[in-house]
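A closer look at the structure
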Amino acid sequence: MGFARACSVALVGVEGVVVEVQADLEPGVAAFTLVGLPDKTLVESRDRVRAAVVNSGAAWPQKKLTVGLSPASVPKSGAGFDLAVAAAVLGAAEVVAPGAIADLVLIGELGLDGRVRPVRGILPAVLAAADAGYRQVVVPQQCAAEAALVPDVAVLGVRSLRQLIAVLTDGVVPEEAPDPPGRPDPILAGLALPGAGLGTGLAAGRSGQGDAGDFPDLADVAGQHTARRALEVAASGGHHLFLSGPPGAGKTMLAERLPWILPPLTRQDSVEVTAVHSVAGILPPGEPLVARPPYCAPHHSATMQSLVGGGNGVPRPGAVSLAHRGVLFLDEAAEFHSQALDALRQPLESGHVVIARAAGVVRLPARFLMVLAANPCPCGRHTLQGAGCECPPSVIRRYQGRLSGPLLDRVDLRVEVEPVTRSDLLGQGGRGEPTAAVAERVREARERAAARLADTPWRLNSEVPGQELRTRWQPAPGALAQAERDLERGLLTARGLDRVLRVAWTVADLRGRDRPDALDVAVALELRTGIARGATLAAGAGP
């Protein structure tokens, strides 16, 4: 009787559980039994592993073979267990030393010819292995750079099972013949989930570093000075934004340029975003670490599951998780299904989404900056003078009422986007500021906020509870008088007052002030309510 064990990782959402793969050989009729709550894909690994072992030059044991996946209570899916199953079988057959694989974590799919194919979710899987105390992992060679992002873990990348057997037996590692030049590598197909980026509006490589001039410039937006200032405030403090205006005014152009005025992701944020994108199958090959804030723009026909996550079996990340630490843009927001929009309330408040399904409960990160864009009426001409809007008042009220009050109450900035004039379009008033200049002010404002919040669990003004802002970091005396009057008149809710105070702190950071005064609060009130207060935030305004 032979016995050996190896380790792999089962992913539940973006969290991993180390699974011990045990192989047991007993005398009897040759059979291969796989136990431990595997799904259909994992059950099929029996045939893949057998063919891969034989085609790699090793003898398949002609005995009763039982492979167990422990803990058996954890659902296991995907083809990433193939490499660990093959190693455990070879260890039980004493082709390789059982002790050499006992503390080894192996992740990868096997082709029938023995090639090791990449799988999705390598980064979160290696992170889970490192948290469990494992320090050696074997992954497909195409995923080695992604696995190497985890510190203090030795990564071995292999292209075939033959290479792994040679390494474990101290033999000569064979060279695998490269694919013909000019043809796409079919092995890389395992890194992408077909259609994963189409339904969410997030294309592969969109969040890459990019070279200068490759990204959309804010200077290309004609006019829209108020909206540009609101965009700057949103990026500086992480405040959600609602753009309302007629078609063709530039709402989509503004939203597309927002990610490029956000600071680059920190190392920790990059790992979080990369882990989500790796599980979703939209991590571009050759780009193991996402360095820029992602931009996700789902179509208005998107379902609630595609927005917050879900699907058959174990829930998968949705648009709110794909936009983690980046921008979620909902164009034509009034056309979205009301249930899908209301499902955004939890992630907007907590920064994560909890999805309960029969297969388990998954907690996915979802701290994003949301931008809503909508027309004032179905035809879009309601606010245009002389444009001939024929929408009845009841239709307009019903259309605008599709965005519920609780959802809009969580939006800090609401801006009316005015139609572009001929002088703005022809550039007679001069081009607006470029993205680089606005991004520099955003960076400075975020540094001021980070210095103030250094010893707290918060990093942005939008994350600080209102109670802390009123007691720990108090504004200037009398600064909130106007906001308190609006609260008494019913123009603001208690949550709205807290959000006005958060925006006021962001405006103060942009102006380089130690704490917000009455002018900063007036700017915040105007940006939230849309009612003119006689206060404007000029670009680069000083104290």
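Residues numbered from 1 in each chain as written. Predicted model: local features only at pLDDT ≥ 70, side-chain atom pairs only at ≥ 80, totals over all residues. Heavy atoms only, no water.

Looking at the overall build of the chain
If you tally the helices and strands in the chain, you get 22 helices and 16 strands. Taking all contacts inside the chain whose residues are at least 6 apart in sequence as the whole, residues at least 24 apart take part in 73%. Carbon and sulfur atoms make up 52% of the accessible area of the chain, which amounts to about 23300 Å² in all. (Helix = DSSP H or I, 4+ residues; strand = E, 2+ residues; numbered from the N terminus. Contact = heavy atoms within 4.5 Å. Areas by Shrake-Rupley, 256 points an atom, 1.4 Å probe, with all protein chains shown as cover.)

Topic: the nonpolar core
Ranked by internal contacts, the top residues of the largest apolar core, which has 51 residues, are Leu241, Leu258, Val371 and Val521. It is helix α21 (residues 494–511) that provides the largest number of residues to this core, a total of eight residues. Ala10, Leu65, Ala84 and Leu104 belong to the second largest nonpolar core, which has 41 residues in total. (Core = buried A, V, L, I, M, F, W, Y, C linked by side-chain atoms within 4.5 Å. Buried < 20%, exposed > 50% of the residue type's maximum accessible area, 1.4 Å probe, protein only.)

Description of the pattern of salt bridges
When their charged atoms lie close together, side chains carrying opposite charge are able to pair. According to the stated counting rule, one finds 29 salt bridges in the structure shown. Note that Arg528 is salt-bridged to Asp409, the shortest N-O span being 2.7 Å. With a gap of 119 residues between them, Arg528 in helix α22 (residues 518–529) and Asp409 in the loop between α16 (405–408) and β16 (413–416) connect regions that are remote in the sequence. Using a relative accessible area of 11% as the deciding quantity, one classes Asp409 as buried. The network of salt bridges with shared partners includes Glu349, Asp409, Arg410, Asp412, Arg495, Arg499 and Arg528. (Salt bridge = Lys/Arg side-chain N within 4 Å of Asp/Glu carboxyl O.)

A short note on a nonpolar patch on the surface
Together, Leu156, Val167 and Val173 make up an exposed nonpolar region whose accessible area comes to about 190 Å². Position of Val167 relative to the elements: it lies in helix α7 (residues 161–168). On the basis of relative accessible area, Val167 is assigned to the partly exposed category, the value being 34%. (Patch = residues over 30% accessible without salt bridge, like charges linked within 9 Å, V, L, I, M, F, W, Y side chains within 5 Å.)

Some words on helix α18 (residues 435–452)
Compared with an ideal rise of 1.5 Å per residue, which puts 18 residues at 26 Å, α18 spans 26 Å between its outermost C-alpha atoms and is within 8% of the ideal. Of all the residues in α18, the buried ones are Thr435, Val438, Arg441, Val442, Ala445, Ala449 and Arg452. Mapping the buried residues of α18 onto a view down its axis gives an arc of 135°, with all of them on the same face. Counted as exposed and oriented over 90 degrees from the buried face of α18: Ala436 and Ala451. Packed against the buried residues of α18 are α8 (225–237) and α21. (Expected span 1.5 Å × (residues − 1). Arc of directions from axis to C-beta.)

Considering the confidence of the model for the chain
When pLDDT is averaged along the chain, the result is 86, and 89% of the positions lie at 70 or above. In the predicted structure, residues 195–200 sits below a pLDDT of 50 and forms 14 contacts with residues beyond four places in sequence or in another chain. Here residues 539–543 is a poorly scored stretch, pLDDT under 50, and it has nine contacts once near neighbours within four places are set aside; other chains count. (pLDDT = per-residue confidence, 0-100.)

What about the state of the cysteines?
Every disulfide links exactly two cysteines, by a covalent bond between their sulfur atoms. Per the counting criterion, the structure on display carries zero disulfides. This cysteine, Cys377, is not joined by any disulfide, and Cys379 carries the nearest cysteine sulfur, 3.4 Å off. We classify Cys377 as buried; its relative accessible area is 0%. Just so you know, Cys391 is unpaired, no disulfide at all, and the nearest cysteine sulfur is the one on Cys379, 3.6 Å from it. (Disulfide = S-S within 2.5 Å.)

Some details on the packing of helix α20 (residues 481–489) against α22
Taken N-terminus to C-terminus, the directions of α20 and α22 make an angle of 35°; their axes are 8 Å apart at the nearest point. On the side of α20, the interface is formed by Gln482, Ala483 and Asp486, while α22 contributes Val521, Ala522 and Leu525. Along the lines of polarity and charge, the residues of the contact of α20 with α22 split into four nonpolar, one polar and one charged. (Axes fitted to C-alpha atoms, helices over the stretch in contact; angles between N-to-C directions. Nonpolar A, V, L, I, M, F, W, Y, C, P; charged D, E, K, R; others polar.)

Regarding the sheet that holds strand β11 (residues 295–296)
With parallel pairing, the five strands of this open sheet are ordered in space as β11-β12-β15-β10-β16. Among the strands making up the open sheet, the edge pair consists of β11 and β16. Alignment of strand β12 (residues 327–330) against strand β15 (residues 369–374), held across four bridges, turns out to be parallel. Each bridged residue has a counterpart across the sheet, and for Val327 the counterpart in β15 is Leu369. (Pairing = 2+ DSSP bridges.)

Description of the side chain of Glu463
With respect to the helices and strands, the residue Glu463 is situated in the loop between α18 and α19 (466–471). We note that Glu463 is buried and unpaired, the nearest opposite charge coming from Arg367 at a distance of 4.1 Å. Those residues in contact with Glu463 that lie beyond four places of it in its chain are Arg325, Arg367 and Trp458. (Lys, Arg positive; Asp, Glu negative; His and termini not counted.)

A closer look at helix α5 (residues 122–131)
For an α-helix the count is 3.6 residues per turn, leaving residues at separations of three or four pointing the same way. Here α5 lies mainly inside the structure; eight of its 10 residues are buried. Where α5 is concerned, the buried positions are Ile122, Leu123, Pro124, Ala125, Val126, Ala128, Ala129 and Ala130. On its buried face, α5 sits against β1 (2–12), β2 (15–26), β5 (105–106), β8 (136–140), α6 (144–147) and α10 (267–280). Looking one or two residues beyond α5, the residue adopting positive phi is Gly133, at roughly 100°.

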